[in-house]
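Chain by chain, the residues:
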Amino acid sequence: MKHLTGSDNYFEDFTPGQRIRHTLGRTVGPEHVTFTLQCMNGVPLHVNADFCATDPVATERFGGRAVVYGGYVLALVRGLASRDTSENAMAEPGFANGRHLKPVFEGDTLYAESDVIEVSPGHDPTHGLVRFLLRGINQRDEVVLEIERDVVVRRRPA
Amino acid sequence: MSRGAPLPERRDRGRTFEQFAVGQRFDHHWGRTLTEAESIAFATTTMNASPLYFNAQFAAAHGHDRIPVDPLLAWNIVFGMTVEDLSFQLAGAGNLGYPVIRFLRAVYPGDTLYAESEVLAIGPWKGADDGGLVHVRTLGRNQRGQLVLEYERKILVRKGRR
C-alpha cells in the first residue's frame, strides 16, 4: 500500500530545525457553523449573527462579526499540514501549548506551517515520534494559531 | 416591532466568572454517538491526507478493524458537550489556549462519547476587567467508561453584570 502515500514524509525525512510551508490554503465558508453545530457547540459568538451584532463585547472586540470556533480552526490548520506531516502517520497522540492568537472570521483564508522541533527514534523499528510546532496563518500573513503537535510517523519501508 | 404582550427575559444559560470555583466538577449533558460518515466527512472537509481516516483497507492494513475516528474529531465532539457549562459566557478572546491535549485510546464509529470536567484554577487575566481566567481539565470517555482523551483549556469567562 505504499503507493497510497507520499515518499517524502516518512520518519527519516524529518530533521529538527526544518520549516515546512505547506502547499494548500483553505477559505473558511459558512460551513464553519455546520461543523460547530455538528459538535453541538451553540455558543452565540460562533453561530448567532444577531448576538454578534448587538452584544457589547462582540461588537467592541470583534466588530460585530461571528468568530469561527477555535476547534474548527485547529482542525483546518492541522488538515492543511497533514499532506507533508502525517500522511504516513500511525497515530497522533496529542497537542500541547496551543494558543489562538487572532480571531478567524468567515471569508478568511488559512495557511499552515510546521517547524520540526524534535525527532525521537524510540525503540520500534517501524516508526518514530516527530514533534512539530504547527502554525496557522491568515491571508494577511498573521499567525492565528500556534500549537505543538506530536505525530507517530512510519519509517520508510524497506 | 413589538409583539405586544409583556415577554419574559430570554432564558440565560452558562456561567459567569463568579460562578466558578476550584475543584468544581461537571458531568456534561447529552453524550454523542459517532458515525463513520461524519468521520470520513471530517477528514475530507479538513483536507486530512492520512488514509487511515477514510480508507478501510488502509486502516485494516495498519491494525484497525474499522476506520478509526480522527482523534481531533473526537476531541471537538467532547469539547462541544462542555461549552454550555464552561464557556457560554465568553469575554474578549474567550479561548485562551490548550496547555495539553492527549489522545489515549482509539475511537471507532458507533462509540458514544461523554464529557466531564474539573476546574483546576481560577484567577484574574491581564488586561481583562470584564472577564477572568478559568482553567479546566476535561475528560472524554466512551460507552464502556474508558478514558479516550483528556485536555486542559484556559477560558476567559465573562464577569456578571450585576
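Residues numbered from 1 in each chain as written. Chains lettered and ligands numbered in written order. Predicted model: local features only at pLDDT ≥ 70, side-chain atom pairs only at ≥ 80, totals over all residues.

By the naming in an unreviewed UniProt entry, chain A is MaoC family dehydratase, taken from Eiseniibacteriota bacterium.

A. Quick look at the overall build of chain A. Per the secondary structure count, chain A includes 5 helices and 6 strands. Listing every helix and strand of chain A by position from the N terminus yields β-β-α-α-α-α-α-β-β-β-β. Structurally, chain A occupies a C-alpha span of about 60 × 30 × 25 Å along its principal axes. Out of the 158 residues belonging to chain A, those deemed buried represent 43%. Across chain A, the fraction of contacts at a sequence separation of at least 24, relative to all contacts at a separation of at least 6, is 70%. (Helix = DSSP H or I, 4+ residues; strand = E, 2+ residues; numbered from the N terminus. Buried ≥ 20, exposed ≤ 12 C-beta atoms within 10 Å, placed from the backbone. Contact = placed C-beta atoms within 7 Å.)

B. Region of interest: the pairing of strand 6 (residues 147–158) of chain B. All names here are of chain B. As paired elements, strand 5 (residues 131–141) and strand 6 share 11 bridges and run antiparallel to each other. Paired with Leu133 across the bridge in strand 6 is Leu156. From the end of strand 5 to the start of strand 6, which pair antiparallel, there are 5 residues, and Gly145 there has a positive phi angle of about 80°. (Pairing = 2+ DSSP bridges.)

C. Region of interest: the packing of helix 5 (residues 70–85) of chain A against helix 3 (residues 71–86) of chain B. Where helix 5 of chain A contacts helix 3 of chain B, the two axes come as close as 10 Å, and the packing angle between them is 175°. It follows from the interaxial angle that helix 5 of chain A and helix 3 of chain B lie roughly antiparallel. Only B:Leu72, B:Asn76 and B:Phe79 of helix 3 of chain B make contact with helix 5 of chain A, whose side of the interface consists of A:Gly71, A:Ala75 and A:Arg78. Here the contact of helix 5 of chain A with helix 3 of chain B is composed, by residue class, of 3 nonpolar, 2 polar and 1 charged. (Axes fitted to C-alpha atoms, helices over the stretch in contact; angles between N-to-C directions. Parallel < 35°, antiparallel > 145°, perpendicular 65-115°, else oblique. Nonpolar A, V, L, I, M, F, W, Y, C, P; charged D, E, K, R; others polar.)

D. Region of the structure containing unusual backbone geometry. Non-glycine residue A:Asn97 carries a positive phi angle of around 50°. Note on placement: A:Asn97 falls in strand 3 (residues 89–100). Not every positive phi belongs to a glycine, and B:Met47 is a case in point at roughly 60°. By the secondary structure assignment, B:Met47 is in the loop between helix 1 (36–45) and helix 2 (56–61). Residue classification places B:Met47 among the partly exposed positions, given that 18 C-beta atoms sit within 10 Å.

E. How the structure looks around the interface of chain B and chain A. In this assembly, 38 residues from chain B lie in contact with 35 residues from chain A. Breaking the side of chain B that touches chain A down by element, the ones donating at least two residues are helix 2, helix 3 and strand 3 (90–103) of chain B. For the side of chain B that touches chain A, the element with the highest residue contribution is strand 3 of chain B, accounting for 13 residues. Per-class residue counts for the side of chain B that touches chain A are 22 nonpolar, 11 polar and 5 charged.

F. Spatial organisation of the nonpolar core. Within the largest apolar cluster, 74 residues are counted, with the highest numbers of intra-cluster contacts made by A:Val73, A:Val77, B:Ala74, B:Trp75 and B:Val78. Excluding anything up to four places from it in sequence, A:Val77 contacts A:Leu110, A:Ala112, A:Leu134, A:Gly136 and A:Leu145. (Core = buried A, V, L, I, M, F, W, Y, C linked by C-beta atoms within 7 Å.)

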